[in-house]
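Structure at a glance
Below, each chain spelled out in residue letters.
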There are 2 protein chains.
Amino acid sequence: MLERVETIMKQLVDEVGYSEVSKLFNTLSGGKRLRAKLIFKIASTHKDAPLLGAIVELIHAASLLHDDVIDDAALRRGKASVNATEGSKTAIMLGDILYSKGFSSLVAFDKEIAQTIANSVTALSKGEMMDVAMAESFNDDAQSYLEMLYFKTATLIEAAAKSAALLEGKDADSYALYGKNLGLSFQIIDDILDIVSDEATLGKPALNDYVEGKCTLPYIYLYHDLQDSDKQKLKSLHKKSLSEDDSLWIKSKMKKHKSIERSFSLARKLSDEAVSCVDDIELKEIIETMMKRTF
Amino acid sequence: MLERVETIMKQLVDEVGYSEVSKLFNTLSGGKRLRAKLIFKIASTHKDAPLLGAIVELIHAASLLHDDVIDDAALRRGKASVNATEGSKTAIMLGDILYSKGFSSLVAFDKEIAQTIANSVTALSKGEMMDVAMAESFNDDAQSYLEMLYFKTATLIEAAAKSAALLEGKDADSYALYGKNLGLSFQIIDDILDIVSDEATLGKPALNDYVEGKCTLPYIYLYHDLQDSDKQKLKSLHKKSLSEDDSLWIKSKMKKHKSIERSFSLARKLSDEAVSCVDDIELKEIIETMMKRTF
């Protein structure tokens, strides 16, 4: 089924009618195609599920192209990013083309589906802006961090699940909540892996989020558990390149205060809630696989 | 009527629910709102004309934000560009938000209208990419230059006119052709003004297009009229900062070979064709005002 999505994505990109775009698109590595997989599982019998999956994955690819420009990311899925190899301008333009091709293909669907996906794209662009704004200074508010995660990561997964449910005539709200919680816990696990994995596994330095200014959940939890002097020390390391000693200090404090465990517990709680929304063994498996991933 | 468009644009942006975005949006200068004006003239009695105008202008604003990042433009409509004052990343993110908000508001319209506008956005992103690719080396092919102009500039104006005609139940093809030719001649006039206007009027150095690598129509016409040695000289100046002497040489050669007049004649021919498509005194006036503009 995922092959069908890849084929349709290529067809949509070819329809743009610019060989340079098709060539560039073919160099992108596709990733897990989590959003398309979700759509298949939820709208498994509907003939338009592959098209919807392809559209959502095109939009997701566009958002990653722009994210990598905004974050100056050199790598994406272990490969050099488009902004690194072709320059930021090409990455911006390719992103614009994939976004707009995704949007214009969306018109084939019912208004509620088109609206659901389109709204989520506004939300994810807003989430990216919030993410950048929040990385300017140290943020110790878990609530505003989770709100940003919702917009930046969860909203498109929520929209994918909801629109697939609409397509298949299933209960849209339950699947939307499933998608939202899957997206939130997915990102929390990602944030944890940035701390607990080694550089070889991550394909980037560990604690990279904090170096880039991103106060993810473990840092926020840790901050509130520290004495005043350590609070100041943690803050002083924010957005700095970290020495070996600094990294070890952060990790040992997190170990002591169980910051990773607390973050994982929240991901678990959200996942459990997701699982309770839908009576579907395969969707439960997606959650479990995601919770257990190590990269 | 244009005030109504401004109000709706602000409302749509406020709906995004992020005060930073509203604040940034309010700093943009609106420009001529040519596309919204066209929509009003064509769908003058339809209650949704202001919303359609607002959507198209949001999309146009988004495309300018990204264009200015891609072209490293410091000025937009005589003011510092967003990328110049807030940085490229903010300009990219604001553009993404305006694009996606425009798209998601489009869902309220009939499929044919939504499709028309959405397709034109893919085309304009493709046009921007073609523009950048063509500026890499000297291009002497008028046909491929005009094709790029169509995608980059004319397609959204064509879509605005066509979708307004669809809204009002007028002949879509005639209005589409009007919009296409208006867009093409608008851009040809723009290219001419870059050569004949002075720096004070343009708000940027004259011959700036050529310095940036853009071989506009007058340069293409001139190239084919020159002797071999002058052909080489013109090529050697491409994408270089021009001395006073170089600029004077180009302008004197263009004068001798009537390159500006030939370009203007094509704009005139396209405008006349536009006027012949539609039996509407106000649309004819838009064309005439555009043809006579000096900035």
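Residues numbered from 1 in each chain as written. Chains lettered and ligands numbered in written order. Predicted model: local features only at pLDDT ≥ 70, side-chain atom pairs only at ≥ 80, totals over all residues.

Across its full length, chain A holds 16 helices and 2 strands. The globule rule puts the C-alpha radius of gyration for 295 residues at 19 Å, and the 19 Å found for chain A is close to it. Here the C-alpha coordinates of chain A stretch approximately 60 × 45 × 30 Å along the principal axes. A burial count over chain A gives 51% of its 295 residues as buried. Residue pairs in contact within chain A that sit at least 24 positions apart in sequence constitute 70% of those at least 6 positions apart. (Helix = DSSP H or I, 4+ residues; strand = E, 2+ residues; numbered from the N terminus. Rg over C-alpha atoms; globule rule 2.2 N^0.38 Å. Buried ≥ 20, exposed ≤ 12 C-beta atoms within 10 Å, placed from the backbone. Contact = placed C-beta atoms within 7 Å.)

Turning next to the nonpolar core. In terms of nonpolar packing, the biggest core is built from 195 residues, with Ile39(A), Ala161(A), Ala164(A), Ile39(B), Ala161(B) and Ala164(B) touching the most fellow members. When sequence neighbours within four positions are dropped, the list of residues in contact with Ala164(A) reads Leu38(A), Ile39(A), Ile42(A), Ala43(A), Ala49(A), Leu52(A) and Tyr175(A). (Core = buried A, V, L, I, M, F, W, Y, C linked by C-beta atoms within 7 Å.)

Take the relation of the copies chain A and chain B next. Overlaying chain A with chain B gives an RMSD of 0.0 Å, the required rotation being 180° about an axis along which the chain moves by 0.0 Å. The superposition of one copy onto the other is thereby described by a two-fold rotation axis. Ranked by how close their C-alpha atoms come to the rotation axis, the residues of chain A are headed by Phe103(A), at 3.5 Å. In this assembly the copies share their binding face: 100% of the residues contributing to the interface of chain A also contribute to that of chain B. (Least-squares fit on C-alpha atoms with pLDDT ≥ 70 in both.)

Contacts between the two partners involve 31 residues from chain A and, on the opposite side, 31 residues from chain B. Secondary-structure elements contributing two or more residues to the side of chain A that touches chain B are helix H2 (19-27), helix H4 (49-70), helix H6 (88-106) and helix H7 (111-134) of chain A. Per element, the largest residue contribution to the side of chain A that touches chain B is 13 residues, and it comes from H7(A). Here the side of chain A that touches chain B is composed, by residue class, of 17 nonpolar, 7 polar and 7 charged. (Nonpolar A, V, L, I, M, F, W, Y, C, P; charged D, E, K, R; others polar.)

A few words on helix H14 (residues 244-257) of chain A. Because the α-helix completes a turn every 3.6 residues, residues three or four places apart line up on one side. With 14 residues, H14(A) should reach 20 Å at 1.5 Å per residue; the first-to-last C-alpha distance of 20 Å fits that figure. One or two steps after H14(A), the chain reaches Lys258(A), where phi turns positive at roughly 55°. (Expected span 1.5 Å × (residues − 1).)

Moving on, we get to unusual backbone geometry. Excluding glycine, residues mostly have negative phi values, and the peptide bonds linking residues are mostly trans. All names here are of chain A. With a phi close to 65°, Lys239 is a non-glycine residue in the positive phi region. Among the secondary structure elements, Lys239 is positioned in the loop between helix H13 (228-237) and H14. For Lys258, which is not glycine, the phi dihedral falls at a positive 55°. Tracing the chain through its elements places Lys258 in the loop between H14 and helix H15 (259-277).

A separate point is the packing of H4(A) against helix H8 (residues 142-168) of chain A. All names here are of chain A. Between H4 and H8, whose axes approach to 11 Å, the crossing angle comes to 165°. Considering their axes alone, H4 and H8 lie roughly antiparallel with respect to each other. Crossing of H4 against H8: the hand is right-handed. For the pair H4 and H8, contact is made by Ala49, Leu52, Val56, Ile59 and His60 and by Leu156, Ala160, Ser163, Ala164 and Leu167, respectively. In terms of residue class, the contact of H4 with H8 is built from 8 nonpolar, 2 polar and no charged. (Axes fitted to C-alpha atoms, helices over the stretch in contact; angles between N-to-C directions. Parallel < 35°, antiparallel > 145°, perpendicular 65-115°, else oblique. Left-handed = near helix turned anticlockwise from the far one by under 90°.)

Attention shifts here to the packing of helix H9 (residues 172-196) of chain B against helix H16 (residues 281-292) of chain B. Between two packed helices, the angle of one axis relative to the other and the distance separating the axes together describe the packing. All names here are of chain B. Where H9 contacts H16, the axes come no closer than 10 Å and their chain directions differ by 15°. In this view, H9 runs roughly parallel relative to H16, as classed from their interaxial angle. The crossing of H9 and H16 is left-handed. Touching Tyr178, Leu182, Ser185, Phe186 and Ile189 of H9 are Leu283, Ile287, Met290 and Met291, all from H16. Among the residues making up the contact of H9 with H16, the classes are represented as 8 nonpolar, 1 polar and no charged.

Residues and elements named next belong to chain A. Per the domain assignment, the segments of chain A are domain 1 (1-30 + 49-108) and domain 2 (111-295). One C-alpha centre belongs to domain 1, the other to domain 2; they are set 23 Å apart. Every contact between the two is made by 14 residues of domain 1 and, on the other side, 15 residues of domain 2. At the level of secondary structure, the elements contributing two or more residues to the side of domain 1 that touches domain 2 comprise H4 and H6. By residue number, the principal contributor to the side of domain 1 that touches domain 2 is H4, which donates 8 residues. Of the residues in the side of domain 1 that touches domain 2, the class split is 9 nonpolar, 3 polar and 2 charged. (Domains from an automatic or database assignment.)

Moving on to the environment of Met254(A). Residue and element names in this part refer to chain A. Among the secondary structure elements, Met254 is positioned in helix H14. With 21 C-beta atoms counted inside 10 Å, the residue Met254 sits in the buried group. Spatially, the C-alpha atom of Met254 lies 49 Å from that of Val16, the residues being 238 residues apart in sequence. Leave out the neighbours within four places in its chain, and Met254 touches Ile195, Pro218, Leu222, Ser259 and Ile260.

Once that is clear, we can look at H4(A). All names here are of chain A. Between its first and last C-alpha, H4 extends 31 Å over 22 residues, near the 32 Å set by a 1.5 Å rise per residue. When you tally the buried positions in H4, you get 22 out of 22 residues, the bulk of the element. Taken from the residues just after H4, Asp72 is the one with a positive phi, measuring 50°.

All names here are of chain A. On average, residues of chain A carry a pLDDT of 93, and 98% of them reach 70 or more. Looking across chain A, the model is least confident in helix H10 (residues 199-202), with a mean pLDDT of 69, and most confident in helix H12 (residues 217-225), with 98. Across the predicted assembly, pTM comes out at 0.92 and ipTM at 0.91. (pLDDT = per-residue confidence, 0-100.)

All names here are of chain B. By the element assignment, Phe151 lies in helix H8 (residues 142-168). Residue Phe151 is classed as buried on the basis of its 22 C-beta neighbours within 10 Å. A C-alpha to C-alpha distance of 9.1 Å links Phe151 and Val121, two positions 30 residues apart in sequence. Excluding residues that lie within four positions of it along the chain, Phe151 makes contacts with Ala123, Leu124, Lys126, Gly127 and Met130.

The next point concerns the environment of Met1(A). By the secondary structure assignment, Met1(A) is in the segment before helix H1 (2-15). In contact with Met1(A), other than residues within four places in its own chain, are Phe40(A) and Pro50(A).

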